[in-house]
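Read off the chains here:
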Amino acid sequence: QVQLVESGGGVVQPGGSLRLSCVASERLTGLYVMGWYRQAPEKQRELVATISNYNIINYVDSVKGRFTISKVNANNTVDLQMNSLKPEDTAVYYCWVAKVGGQAWGQGTQVTVSS
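Note that the structure is a prediction, hence the values are computed from the model and not measured.

With that out of the way, let us pick up the pairing of strand β3 (residues 18-24). Side-chain positions along a regular strand alternate between the two faces of the sheet. Taking burial as the measure, the seven residues of β3 include five buried ones, the bulk of the element. When strand β1 (residues 4-7) meets β3, the two strands line up antiparallel, connected through four bridges. In the strand pairing of β3, Leu 4 is matched with Ala 24.

Shown next, in the form of structure tokens:
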């Protein structure tokens, strides 16, 4: 089963930027969707952004125009560039991939937006 490792979380002031990176343990081929979810304290996990093998991209409305998801390194790395961060973006961010045969999650990385 593919394994995902996230990096890039941290603490930033409102209006700042962070870049998250997710590396898969194998090159993804065929049909797949890869992306990011987040979970704030006492809230349900929500989809943030996804990108498919066809490079079809989706964002949750609250991050449109501020976050950018992109593939790096030929289908085994996905980055999430987060600009104009707000306190409400504070959450644990999880990398996720779904492909034929199942799905996998990363361990999560904390993003805290606070002055």
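For the structure on display, the rule yields one disulfide. Residue Cys 22 pairs covalently with Cys 95 via a disulfide, S to S 1.9 Å. Disulfide Cys 22-Cys 95: torsion about the S-S bond near -85°, hence left-handed. On the criterion of sequence distance, the pair formed by Cys 22 in strand β3 and Cys 95 in strand β9 (residues 91-99) is long-range, its members being 73 residues apart. One exposure class covers both Cys 22 and Cys 95, and it is buried.

As a further point, take the nonpolar core. Ranked by size, the top nonpolar core spans 29 residues in total, and within it Leu 4, Met 34, Trp 36, Leu 80, Met 82 and Tyr 93 carry the most contacts. Contributions of two or more residues to this core are made by β3, β4 (32-39), β5 (46-52), β7 (67-72), β8 (77-82), β9 and β11 (109-113). Setting aside residues no more than four positions away along its own chain, Leu 80 makes contact with Leu 18, Arg 19, Leu 20, Trp 36, Val 48, Ala 49, Phe 67, Thr 68, Ile 69 and Tyr 93.

The strand order across the open sheet formed by four strands is β1-β3-β8-β7, and the pairing between neighbours is antiparallel. If you trace the sheet from one side to the other, it starts and ends with β1 and β7, each paired once. Recorded for the sheet is a direction-independent mean angle of 15° between the axes of neighbouring strands. Alignment of β7 against β8, held across six bridges, turns out to be antiparallel. Its bridge partner being in β8, Ile 69 is matched across the sheet by Leu 80.

What counts and how
Residues numbered from 1 in each chain as written. Predicted model: local features only at pLDDT ≥ 70, side-chain atom pairs only at ≥ 80, totals over all residues. Heavy atoms only, no water. Buried < 20%, exposed > 50% of the residue type's maximum accessible area, 1.4 Å probe, protein only. Helix = DSSP H or I, 4+ residues; strand = E, 2+ residues; numbered from the N terminus. Pairing = 2+ DSSP bridges. Disulfide = S-S within 2.5 Å. Core = buried A, V, L, I, M, F, W, Y, C linked by side-chain atoms within 4.5 Å. Contact = heavy atoms within 4.5 Å. Axes fitted to C-alpha atoms, helices over the stretch in contact; angles between N-to-C directions.

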